[in-house]
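One letter stands for each residue in the lines below.
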Amino acid sequence: MAVKDRDRFSTATRIRQLGEQTAARVYRSQTKRQARRSRLTGRAALLALVLCSMIVALAYPMRQYVSQRADIADLEREKEQARQRVEELRDLKARWQDDAYAEQQIRERLHYVMPGETGFIVIDPAAARQTRADLGAADRPWYTNVWDGVDRSDASHR
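Rules used in this analysis
- Residues numbered from 1 in each chain as written.
- Predicted model: local features only at pLDDT ≥ 70, side-chain atom pairs only at ≥ 80, totals over all residues.
- Heavy atoms only, no water.
- Helix = DSSP H or I, 4+ residues; strand = E, 2+ residues; numbered from the N terminus.
- Buried < 20%, exposed > 50% of the residue type's maximum accessible area, 1.4 Å probe, protein only.
- Phe/Tyr/Trp six-rings, centres within 6.5 Å; stacked < 30°, edge-to-face > 60°.
- Salt bridge = Lys/Arg side-chain N within 4 Å of Asp/Glu carboxyl O.

A.B. asks: Can you lay out the overall build of the protein chain for me, pointing to particular residues and giving the numbers?
C.D. replies: Counting its regular elements, the protein chain contains six helices and zero strands. Moving toward the C terminus, one meets the helices and strands of the protein chain in the order α-α-α-α-α-α. By the burial criterion, 4% of the 158 residues in the protein chain qualify as buried.

A.B. asks: Describe unusual backbone geometry, listing the residues and the values that go with them.
C.D. replies: Residue His111 is not a glycine yet carries a positive backbone phi of 60°. Among the secondary structure elements, His111 is positioned in the loop between helix H4 (99-110) and helix H5 (125-129).

A.B. asks: Please provide a residue-by-residue account of the packing of aromatic side chains, values included.
C.D. replies: Taken as a whole, this structure holds two aromatic pairs when the rule is applied. Arranged with centres 5.3 Å apart and planes meeting at 85°, the rings of Trp96 and Tyr101 form a pair that is edge-to-face. The class of Trp96 is partly exposed, set by a relative accessible area of 35%. Given the relative accessible area of 16%, Tyr101 is considered buried. With a centroid separation of 5.9 Å and 80° between ring planes, the pair formed by Trp142 and Tyr143 is classed as edge-to-face.

A.B. asks: Could you give an account of the pattern of salt bridges, with specific residues and numbers?
C.D. replies: Should their charged atoms come close, side chains of opposite charge can pair. In the structure shown here, the tally under the stated rule is six salt bridges. When the shortest N-O distance is used, the salt bridge between Arg83 and Glu80 registers 2.5 Å. With Arg83 and Glu80 both in helix H3 (residues 42-97), this residue pair falls three residues apart, about one helical turn. Taking relative accessible area as the criterion, Arg83 reaches 44% and is therefore assigned partly exposed. You can call Glu80 partly exposed: its relative accessible area is 34%. Between Glu88 and Arg85 there is a salt bridge; the shortest N-O distance is 3.7 Å. Here Glu88 pairs with Arg85, and both are found in helix H3, just three residues apart, close to one helical turn. Taking relative accessible area as the criterion, Arg85 reaches 48% and is therefore assigned partly exposed.

Okay, structure coming up:
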């Protein structure tokens, strides 16, 4: 037993045990590292590279496709609006073909009266307070706009 105890505490025995423990740790770390390496093989890397290149190659055509689909949708919406406007204009043209509608519009817009009728213009008191400058060009009669233009051009030459 004395020899056994002496062997247990000898430097060579302790160094040997320390070396075995270190070798076991190294072996465990190498097997873990090998297990990690085995996840990404050459085939997997090649597949990832091919997929990435396919995504990059298809990105621009897909962007163009989506953009063109949006343009097509916009054009279809404009086409529908234009079709509705054409229908409105056809209805308006048909109304103007009717003599009664044309007469009504002439009386209303140009203040015409039929022979033998007396024409009256009612002035709104609130509208009478507004000055000519307060009225926009669209709110005034056309001849007022023409005369104001003549006055302005004459004033600019002085």
